[in-house]
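Residue-level listing of the chains:
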Protein chains: 2
Amino acid sequence: MSTVYNFNAGPSTLPKEVMESAQSEFLNYNNLGYSIMEASHRSPEFQNVIDTAEGNIRKLLTISDNYSVLFLQGGASTQFSMIPMNFLGEGQSADYVQTGAWSEKAIKEAQRCRSVNISASSKESNYTCIPELDTWNPNPDSVYTHITSNNTIFGTQFHQFPACSNDAPLIADMSSDILSRKLNVNDFGMIYAGAQKNLGPGGVTLVILNKNLLARIPENLPSMLDYNTHIKSGSLYNTPPTFAIYMIMLTTNWIISNGGIDGIEQLNDKKAGVLYDLIDSDDFFSCPVKQGSRSKMNVCFRLPSENLETEFIKSAGEKGMVGLKGHRSVGGVRASIYNAMPTEGVRFLADFMSEFKKLHS
Amino acid sequence: MSTVYNFNAGPSTLPKEVMESAQSEFLNYNNLGYSIMEASHRSPEFQNVIDTAEGNIRKLLTISDNYSVLFLQGGASTQFSMIPMNFLGEGQSADYVQTGAWSEKAIKEAQRCRSVNISASSKESNYTCIPELDTWNPNPDSVYTHITSNNTIFGTQFHQFPACSNDAPLIADMSSDILSRKLNVNDFGMIYAGAQKNLGPGGVTLVILNKNLLARIPENLPSMLDYNTHIKSGSLYNTPPTFAIYMIMLTTNWIISNGGIDGIEQLNDKKAGVLYDLIDSDDFFSCPVKQGSRSKMNVCFRLPSENLETEFIKSAGEKGMVGLKGHRSVGGVRASIYNAMPTEGVRFLADFMSEFKKLHS
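Worth saying up front: this structure is predicted, and the values here are computed from it rather than measured.

J.: Is there a simple way to think about the relation of the copies chain B and chain A in this case?
T.: Superposing chain B onto chain A takes a rotation of 180° combined with a translation of 0.0 Å along the rotation axis, leaving an RMSD of 0.0 Å. These values place the two chain copies in the arrangement generated by a two-fold rotation axis. Of the residues that chain B buries at the interface, 100% are likewise interface residues in chain A, meaning the two copies contact each other through the same surface.

Here it is in structure tokens:
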């Protein structure tokens, strides 16, 4: 079988070495005689897996003891509700920055129970940029500010973050760019991320939470929706998605052995650069996203016509490049090039783009 | 490596054929060139997986179109809150039957927001039985009755279910005995089950829900906690635990090709019979659970002394039988013999028990 490059937006490609390693010990983990998937979540073997995964993430992002690191279920979509339930009291308001479909969903869930101030929005420009920080209209009384650091559908990404205070910290949905670049975790009250782009398979959500937020949690929340429950139990209140957490352990081991965050960031810069340079080189390809707001994870671009886009995607598929269709709400082409997409995959796509341009321009 | 038999209470052993099959296509599912774990949840390949899993479960339990079949996240523990949030209105009350640690948790979560009538309890007998149906004290105004069909910790199981009405249906947590025996789904308003005992790995929860309950769901619940969200989206509102659902597909394929529910029930009867017959044959082993309430999934038993129990568990472990320690709250020995535990594993344990008895009586 020839190589397939999987450019899906998520779940997406995982590192080849990680997949091979998981396959090789799939029936017999660490000579237990059974799979890690079949091990009790209360066993020393699984405790070691979850401890290693947490330790890797703490090491990669230099996370201090002021923060808890949790592995939860329910995806970012469950966090959209848990955040206001835990941290936004009655009569209080929070700032939300609207930069695409996912931030809209976060806003909608917060609005169900609480007051929301949309402090900045790029909706009028069809989400083709991240609003400049100096144009935001924060509510001085807001108790946190929520952003979506990378927007998979529109191909935009925050390249700088607003300065926030302890009283009104920054909370970021980093589902599509967690562990893809250096980050000062101390600038955030909370970071959360569904695993299925840069961390592992679908079904587990990483939460990095400053413990000074815990004082805000009201009494009597449903146990599973109360961050305290998961902190007190080390993410083992009930049966966690053990295999997904094991995959995060393997993936973060892989990042560490490939140069850590510095190494992965350099690689991601290079990969995105190859595509954006080609797109900007003339008028055949075009990127709708403003310079300065472009995502290094999801490179969205257009061709001169929708017919050519359809042909491009079909022809790429025949050559083993799958998942390139843009989201149905925006059309065009989208190449999702998360950590695990190898440079060769990006070069293969770039070569194909050049050939296609020659044929059709 | 010699065979290991894994008697853990969950996550626990999965069918050998299922594990081998998942391993063999781990890197390349259906000639896609990548893993099903790396496929988009919006892809036709994954749609086929989730449709097959649902179809298998519908077929195995003869589930009519009046019921939705969902794959959710968060475990039974999240259902403990979702059930009262969705189905128990303000000023209403529900009956809960208290038969162990899990039903206690379900009761606690319902009590956070609503009124609960404990209509029957075996707490005073240390949960060593299921309360006889004719001793229950139902509240005639209750809008549903909640039970835990099998209690992993105490080794008890419902062998008959109360007759309930459409207005006040029966809701059952079947996390530890789903798909282990024949069942008339029409007798239930809702059945739910964490997957990690009889269905697949941890991280996915099966919900079988009578659509006539949907009229009760209040407005403005958090999207992820509203059953309507998941019904409308076919369990694909956000990224589901795709690999765990794939494992459910394989496991239910395996049940179908091994005689379906009839076949699996016969096997489970036989397996449990081997152990209980041995336990009851004289006074060396004893089962604290009342006849008629004994679980065919979790066989709990005692030895003449705690020292002998410790030695039994240690010695069994050396022979490749792991996970036999009783839950810390009850002590003793527990053999969890879910669907995937082969008859040979049970016979191997029974032979060891006989030998151990000879040595020590």
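J.: I tried to follow the domain arrangement of chain A on my own but got confused; where do I start?
T.: Many analyses report the size of an interface as the accessible area lost when the parts associate. Residue and element names in this part refer to chain A. Entries for chain A in the domain assignment read domain 1 (17-256) and domain 2 (260-360). Look at where the C-alpha atoms of domain 1 and domain 2 centre, and you get two points 27 Å apart. Every contact between the two is made by 27 residues of domain 1 and, on the other side, 25 residues of domain 2. Summed over both sides, the interface between domain 1 and domain 2 buries roughly 2,100 Å², with carbon and sulfur atoms accounting for 55% of that surface.

J.: Would you mind showing me how to read the pairing of strand β5 (residues 145-148) of chain A here?
T.: Sheet faces and side chains relate simply in a regular strand, where the side chains alternate between the two faces. Residue and element names in this part refer to chain A. Here β5 shows two buried faces, one formed by Thr145 and Ile147 and the other by His146 and Thr148. In this sheet, β5 lies alongside strand β3 (residues 93-98) in parallel orientation, the contact comprising 2 bridges. Paired with Asp95 across the strands is Thr145, a residue of β5. Examined bridge by bridge, β5 and strand β8 (residues 170-173) share 4 bridges and lie parallel to one another. For Thr145, the partnering residue across the bridge sits in β8 and is Leu170.

J.: Looking at this structure, I do not really get the sheet that holds strand β9 (residues 190-194) of chain A. What am I missing?
T.: Hydrogen bonds between backbone groups are what pair the strands of a sheet, and the pairing can be parallel or antiparallel. Residue and element names in this part refer to chain A. Taken in spatial order, the 7 strands make up an open sheet running β2-β10-β9-β8-β5-β3-β4, and their pairing is mixed. In this open sheet, the two strands that pair with only one neighbour each are β2 (67-72) and β4 (115-121). Pairs of neighbouring strands in the sheet enclose a mean axial angle of 20°, with direction left out of account. Relative to β4, β3 is paired through 6 bridges, and the arrangement is parallel. Looking at the pairing, Gln98 lines up with Ser121 of β4. Packing of helix α2 (residues 44-60) onto the sheet brings it into contact with β2 and β10 (205-210), and relative to β2 it is tilted by some 130°. Contacting β3, β4 and β5, helix α4 (residues 101-113) crosses the sheet at an angle of about 160° to β3.

J.: Just checking my understanding: could you explain the environment of Ala215(A) for this structure?
T.: Residue and element names in this part refer to chain A. Within the element layout of this structure, Ala215 appears in the loop between β10 and α5 (227-232). Using a relative accessible area of 74% as the deciding quantity, one classes Ala215 as exposed. Taking the C-alpha atoms as reference points, Ala215 and Arg112, 103 residues apart in sequence, are found 22 Å from one another.

J.: Any chance you could explain the confidence of the model for chain A here in plain terms?
T.: Low-pLDDT stretches of the model should not have their predicted coordinates read in fine detail. Averaged over all residues, the pLDDT of chain A equals 97, while 100% of them reach at least 70. This prediction of the complex comes with two scores: 0.98 for pTM and 0.98 for ipTM.

J.: Would you explain the packing of aromatic side chains in this entry?
T.: In this description, a pair of aromatic rings is defined by centroid distance and the angle of the planes. A full pass over the atoms with the stated rule returns 42 aromatic pairs over all chains. Ring geometry for Phe80(B) and Tyr192(B): centres 6.4 Å apart, planes at 80°, overall edge-to-face. Separated by 112 residues along the polypeptide, Phe80(B) in helix α3 (residues 75-87) and Tyr192(B) in strand β9 (residues 190-194) bring together distant segments of the chain. We classify Phe80(B) as buried; its relative accessible area is 3%. Since its relative accessible area comes to 0%, Tyr192(B) is described here as buried. Between Phe284(B) and Phe356(B), the aromatic rings sit 6.5 Å apart at their centres with planes inclined by 55°, giving tilted as the arrangement. Of this pair, Phe284(B) sits in the loop between α7 (260-280) and β11 (298-301) while Phe356(B) sits in helix α9 (residues 343-360); the two residues are 72 residues apart in sequence, bridging distant segments of the chain. With respect to class, Phe284(B) is no different from Phe356(B); both count as buried. Grouped by ring-pair contacts, the aromatic residues Phe26(A), Tyr29(A), Phe243(A), Tyr246(A), Phe26(B), Tyr29(B), Phe243(B) and Tyr246(B) constitute a single cluster. The residue whose ring lies beneath Lys105(A) is Tyr237(B), and the NZ or CZ to ring-centre distance is 4.5 Å.

J.: How should I be thinking about the interface of chain B and chain A in this particular structure?
T.: Between chain B and chain A, the contact holds 55 residues from the first and 55 residues from the second. Both faces considered, chain B and chain A share a buried interface measuring about 4,600 Å² in area, 57% of it formed by carbon and sulfur atoms. Among the residues chain B hides against chain A, the three largest losses belong to Gln23(B), Glu38(B) and Arg112(B). Together they make up 13% of the total. Inspection of the chain B/chain A interface yields 0 salt bridges. At the boundary of chain B with chain A, the tally comes to 19 residue pairs in polar contact (both at pLDDT 80 or more). Within the residue set of the side of chain B that touches chain A, elements represented by two or more residues are α1 (16-24), α3, α4 (101-113) and α6 (242-257) of chain B. No other element matches the 5 residues that α1(B) contributes to the side of chain B that touches chain A. Tallied by class, the residues present in the side of chain B that touches chain A amount to 23 nonpolar, 26 polar and 6 charged.

J.: Can you walk me through the environment of Ser286(A) in this structure?
T.: Residue and element names in this part refer to chain A. By secondary structure assignment, the location of Ser286 is in the loop between α7 (260-280) and β11 (298-301). Accessibility expressed as a relative area gives 34% for Ser286, which makes it partly exposed. Through-space distance from the C-alpha of Ser286 to that of Leu303 is 6.6 Å; in sequence the pair is 17 residues apart.

J.: What should I look at first to understand α2(A) in this one?
T.: Residues and elements named next belong to chain A. The terminal C-alpha atoms of α2 lie 24 Å apart, and with 17 residues this matches the ideal 24 Å at 1.5 Å per residue to within 8%. Of all the residues in α2, the buried ones are Phe46, Val49, Ile50, Ala53, Asn56, Ile57, Arg58 and Leu60. In this structure, the buried residues of α2 make contact with β2, β10, α6 (242-257) and α7. Phi turns positive one or two residues past the end of α2, at Thr62, with a value near 45°.

J.: I would appreciate a short explanation of the pattern of salt bridges in the present structure.
T.: Close approach of charged atoms allows side chains of opposite charge to pair. In the structure shown here, the tally under the stated rule is 22 salt bridges over all chains. Between Glu20(B) and Lys16(B) there is a salt bridge, with its nearest N and O atoms 3.2 Å apart. With Glu20(B) and Lys16(B) both in helix α1 and 4 residues apart, the pair spans about one turn of that helix. By relative accessible area, Lys16(B) is classed as exposed at 60%. Note that Arg112(B) and Glu109(B) form a salt bridge whose closest N and O atoms lie 2.9 Å from each other. A residue pair is termed a helical-turn pair when its members lie 3 or 4 positions apart in one helix, as Arg112(B) and Glu109(B) do in helix α4 at 3 residues. Owing to a relative accessible area of 4%, Glu109(B) belongs among the buried residues under this scheme. Within this structure, Lys182(A), Asp262(A) and Glu265(A) form a network of salt bridges that share partners.

J.: Help me out: how do you make sense of the sheet that holds strand β5 (residues 145-148) of chain B in this one?
T.: Residue and element names in this part refer to chain B. The 7 strands lie next to each other as β2-β10-β9-β8-β5-β3-β4, forming an open sheet whose pairing is mixed. The sheet terminates laterally at β2 (67-72) and β4 (115-121), the two strands that pair on one side only. Adjacent strand axes in the sheet meet at a mean angle of 20° when their direction is disregarded. Looking at chain direction, β2 and strand β10 (residues 205-210) are connected through 6 bridges and run antiparallel. In the sheet register, Tyr67 faces β10, and the bridge partner there is Asn210. Relative to the sheet, α3 contacts β2, β3 (93-98), β5, β8 (170-173), β9 and β10, its axis offset from that of β9 by approximately 155°. Contacts from α4 reach β3, β4 and β5 within the one sheet, and its direction differs from that of β3 by about 160°.

Cut-offs applied
Residues numbered from 1 in each chain as written. Chains lettered and ligands numbered in written order. Predicted model: local features only at pLDDT ≥ 70, side-chain atom pairs only at ≥ 80, totals over all residues. Heavy atoms only, no water. Least-squares fit on C-alpha atoms with pLDDT ≥ 70 in both. Contact = heavy atoms within 4.5 Å. Domains from an automatic or database assignment. Buried area = accessible area lost by both parts, 1.4 Å probe. Buried < 20%, exposed > 50% of the residue type's maximum accessible area, 1.4 Å probe, protein only. Helix = DSSP H or I, 4+ residues; strand = E, 2+ residues; numbered from the N terminus. Pairing = 2+ DSSP bridges. Axes fitted to C-alpha atoms, helices over the stretch in contact; angles between N-to-C directions. pLDDT = per-residue confidence, 0-100. Phe/Tyr/Trp six-rings, centres within 6.5 Å; stacked < 30°, edge-to-face > 60°. Lys NZ or Arg CZ within 6 Å of the ring centre and 35° of its normal. Salt bridge = Lys/Arg side-chain N within 4 Å of Asp/Glu carboxyl O. Polar contact = N/O pair within 3.5 Å; in protein donor to acceptor, adjacent residues only side chain to side chain. Nonpolar A, V, L, I, M, F, W, Y, C, P; charged D, E, K, R; others polar. Expected span 1.5 Å × (residues − 1).

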